[in-house]
Amino acid sequence: MREGAAILSRAENSGNAFYMNEPTMPLVSICTSTFNAERFVRRFLASSLNQTYPNIEVVIVDYGSSDGSEAILTEHASRDPRVRYFRRPYERPIAEKFAEAFQLARGEFVIIPGIDDWLARDYIANAVRGFSLHPDVAGIIPRFVSLLEISHNTFQFHDEHTFPSGVYSTGWFLRRLYRYCLSFTFYALVRRQDAIDAMEYFLRNYCNGMSVPPELRTLYVKGFAVDIEFFAKILTRYKCFIWDNSLTFIKIIHAHNVTYDLKPFSSFLGNIQYYYYLMLSYRYIYKPEWNRFYSGMKIRLGMEALATSVINFFRYNPHSSFFRVPGTKKQVSDFFWDFSVFEIAAVIALVIPRIVLRSFEFVIRRLTKRSTFAKEEVCEFTAANFLDANGRFNT
């Protein structure tokens, strides 16, 4: 692990001079889809086309926008050959959009930010350098920074997710995927063919799988779990991947990018149902490919389901009606049907310590939030992230 971090540090210091010794620079496709997102389109194009890495294309598939998106994208595509604009007459399920964007891409490597998100200025350059130094890795995962849009093109720091830079094993990832819900690994730079195959697997086994409950299939069609399945599926072909904090992915939080809402908090049924759907999603990942991690995944999610239910009982609805929603017994039975006696005992033994730990973590976060918030905001509002000191987007 330490060796991996040291290798990345030497590469980061080399700067763009790294490419001086490269005979060719692989094409990288920045892919996205859009629907009536006119106010984000120019920002997305500006951040993508101003990458320090020169050999890119921007693939945008428009699914029937009726606002000004078509005019903006057509105009950019006509004067910049790096912009490839495709228009479709109607909306499609989100997983199908991702699959089509990857199919249309021509790059050796791909990434698929949302139309409202963007990549730091040197994201592609640093990611390609990582692949050049470590050609056997599955992908390059960035720092994941989320911002709140407080007014048009003006932002406020919200959160950051990352791990120390280095080369990590597939086993390391699988032991943490269900513990930390590493959904932001969806925004890694990966090989185009791996991305195509992972999305086809999701469509075939999740969106159209015969064993998937109909209500869960509806969520999959809207994009539920695609972000946790994507990189995990790609990892089935590789032994390791890179986490590189010299890459920053900027994720924007606002009302427009919520595609589903399970609202699990107000009843015991809702809490258990949410974790049941999550566990089924992980089951399709772990059971066929990595069965040795399967039991640990079940115990962890069982513990979190019960701990979250107790916490939300006191937080949202401290009344007996919390447990009396019709269908609760069946949902609990469905959740635990695949658990052994040992796994159920482990869940019960771990629930109370988990509640205590989460309560303690909540208090600590509340006490340190303001100072940490101010520090991180200053760190993120830089020209490298297309932001000025006041949090405004600026190329």
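A quick note: this is a predicted structure, and the numbers were derived from the prediction, not measured.

Asks: So what exactly am I meant to see when it comes to the packing of aromatic side chains here?
Replies: To describe a pair of aromatic rings, you give the distance between the ring centres and the angle between the ring planes. This model, assessed by the stated rule, comprises 44 aromatic pairs. Summarising the aromatic geometry, the rings of W172 and F241 are spaced 6.2 Å apart at their centres and angled 50° between planes, so their arrangement reads as tilted. Here the residue W172 occupies a position in helix 6 (residues 170-180), and F241 occupies one in strand 10 (residues 240-253), the gap between them amounting to 69 residues. As far as the burial class goes, W172 and F241 line up, both buried. Ring centres of F313 and F322 lie 5.4 Å apart, and the angle between their planes is 70°; on these two criteria the pair is classed as edge-to-face. With respect to burial, F313 and F322 carry one shared label: buried. Taking NZ or CZ as reference, K233 lies 3.9 Å from the ring centre of Y201, over its face. The residue whose ring lies beneath K298 is F339, and the NZ or CZ to ring-centre distance is 5.6 Å.

Asks: Can you walk me through the pattern of salt bridges in this structure?
Replies: When the charged atoms of two side chains lie near each other, side chains of opposite charge can form a pair. The final tally for this structure, using the stated rule, is 25 salt bridges. Between D80 and R82 there is a salt bridge, with the nearest N and O atoms lying 2.9 Å from each other. Residue classification places R82 among the partly exposed residues on the basis of a relative accessible area of 26%. Residue R92 pairs with E100 through a salt bridge whose shortest N-O separation is 2.8 Å. With a relative accessible area of 28%, R92 lands in the partly exposed category. A relative accessible area of 12% means that E100 is categorised as buried.

Asks: Looking at this model, I keep getting lost on the nonpolar core. Mind explaining?
Replies: Within soluble globular proteins, side chains that are nonpolar tend to cluster in buried spots. Residues F102, I124, F173, Y220, F241, Y282 and Y286 are the most contacted members of the largest nonpolar core, which totals 116 residues. Look past the residues within four positions of Y282 in its chain and what remains in contact with it is L177, Y178, C181, I228, M297 and L301. Listed in part, the 11 residues of the second largest apolar core include W118, F381, F386 and F393.

Asks: Help me understand helix 8 (residues 214-221), please; the structure alone is not making it clear to me.
Replies: For the α-helix, the turn length of 3.6 residues means that residues three or four positions removed from each other point alike. Of the residues making up helix 8, those classed as buried are L216, L219 and Y220. Projection of helix 8 onto a plane perpendicular to its axis shows the buried side chains occupying an angular sector of 100°, all on one side. Contacts made by the buried residues of helix 8 are with helix 7 (192-207) and helix 10 (268-289). Positioned one or two residues after helix 8, G223 has a phi angle of 110°, which is positive.

Asks: Can you walk me through the pairing of strand 6 (residues 139-151) in this structure?
Replies: Regular strands place their side chains on alternate faces of the sheet. A large share of strand 6 lies buried, amounting to 10 of its 13 residues. In this structure, strand 6 lies alongside strand 9 (residues 189-191), joined through two bridges in antiparallel fashion. Note that in strand 9 the partner of G139 across the bridge is V190. Of the strand pairs in this sheet, strand 6 and strand 10 are connected by eight bridges, and their pairing is parallel. Residue pairing in the sheet places L147 in a bridge with I252 of strand 10.

Quick notes on the rules
Residues numbered from 1 in each chain as written. Predicted model: local features only at pLDDT ≥ 70, side-chain atom pairs only at ≥ 80, totals over all residues. Heavy atoms only, no water. Phe/Tyr/Trp six-rings, centres within 6.5 Å; stacked < 30°, edge-to-face > 60°. Helix = DSSP H or I, 4+ residues; strand = E, 2+ residues; numbered from the N terminus. Buried < 20%, exposed > 50% of the residue type's maximum accessible area, 1.4 Å probe, protein only. Lys NZ or Arg CZ within 6 Å of the ring centre and 35° of its normal. Salt bridge = Lys/Arg side-chain N within 4 Å of Asp/Glu carboxyl O. Core = buried A, V, L, I, M, F, W, Y, C linked by side-chain atoms within 4.5 Å. Contact = heavy atoms within 4.5 Å. Arc of directions from axis to C-beta. Pairing = 2+ DSSP bridges.

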